[in-house]
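One-letter residues, chain by chain:
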Amino acid sequence: MFGGRQEKVTLLCEDSLAGVILDRFGKDVMMVSQGEHAFRVSVDIAVSPQFFGWAGLGIGVQILWPESVREEFLAYLQNICGNYQ
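Cut-offs applied
Residues numbered from 1 in each chain as written. Predicted model: local features only at pLDDT ≥ 70, side-chain atom pairs only at ≥ 80, totals over all residues. Heavy atoms only, no water. Helix = DSSP H or I, 4+ residues; strand = E, 2+ residues; numbered from the N terminus. Rg over C-alpha atoms; globule rule 2.2 N^0.38 Å. Contact = heavy atoms within 4.5 Å. Areas by Shrake-Rupley, 256 points an atom, 1.4 Å probe, with all protein chains shown as cover. Lys, Arg positive; Asp, Glu negative; His and termini not counted. Charge placed at Lys NZ, Arg CZ, Asp CG, Glu CD. Phe/Tyr/Trp six-rings, centres within 6.5 Å; stacked < 30°, edge-to-face > 60°. Pairing = 2+ DSSP bridges. Axes fitted to C-alpha atoms, helices over the stretch in contact; angles between N-to-C directions. Buried < 20%, exposed > 50% of the residue type's maximum accessible area, 1.4 Å probe, protein only.

Q: Please provide a residue-by-residue account of the overall build of the protein, values included.
A: A count of helices and strands for the protein gives three helices and four strands. Listing every helix and strand of the protein by position from the N terminus yields β-α-β-β-α-β-α. Relative to the compact-globule value of 12 Å for 85 residues, the protein shows a C-alpha radius of gyration of 13 Å, a close match. Across its three principal directions, the C-alpha atoms of the protein cover 40 × 25 × 20 Å. Here the contacts in the protein between residues at least 6 apart in sequence split such that 64% fall between residues at least 24 apart. Summing over all exposed atoms, the protein offers an accessible surface of approximately 5,400 Å²; the carbon and sulfur share of this is 54%. In the protein, 6 positive and 10 negative side-chain charges are present, and the distance between their average locations comes to 4 Å.

Q: Please set out the packing of aromatic side chains residue by residue, giving values where relevant.
A: Within this structure, the stated rule accounts for four aromatic pairs. On the basis of an interplanar angle of 40 degrees and a centroid distance of 5.3 Å, the ring pair of Phe-52 and Phe-73 is categorised as tilted. In this pair, Phe-52 sits in helix H2 (residues 49–55) while Phe-73 sits in helix H3 (residues 67–82), placing the two residues 21 residues apart along the sequence. Plain terms: the ring middles of Phe-73 and Tyr-76 are 6.4 Å apart, the flat faces sit at 15 degrees to each other, and that makes the pair stacked.

Q: Give a detailed account of the sheet that holds strand S4 (residues 61–65), specifying residues and quantitative values.
A: Pairing is antiparallel in the open sheet, where four strands are placed in the order S2-S3-S1-S4. The sheet terminates laterally at strand S2 (32–33) and S4, the two strands that pair on one side only. Relative to strand S3 (residues 38–47), S2 is paired through two bridges, and the arrangement is antiparallel. Note on S3: the bridge partner recorded for Ser-33 is Phe-39. Strand contacts of helix H1 (residues 18–25): strand S1 (5–14) and S3, with the helix running at about 30 degrees to S3, the strand carrying the most contacts.

Q: Can you explain the pairing of S3? Please cite residues and give values.
A: Counting buried positions along S3 yields seven of ten residues, so the element is predominantly enclosed. Judged from the ten bridges that link them, S1 and S3 form a sheet pairing that is antiparallel. Of the residues in S3, the one forming a bridge with Arg-5 is Val-47.

Structural data, given as structure tokens:
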């Protein structure tokens, strides 16, 4: 997905995003239930602003792992917020 450093990331997603995940990563991804309304999925991505923009589906998706990608996403969001201060 997009250009950048290749990483396997684990995402926590609301069930309502199952179709989005399947469309983006294919029907072979394993979605593991995480309670009544969420699932966890591990996918290969390219760490890039394009991925971070896509991952910005709001609170419906959270990057769980690896921590380095979580930190890069937080820095990306902080840079955006800086434009509005």
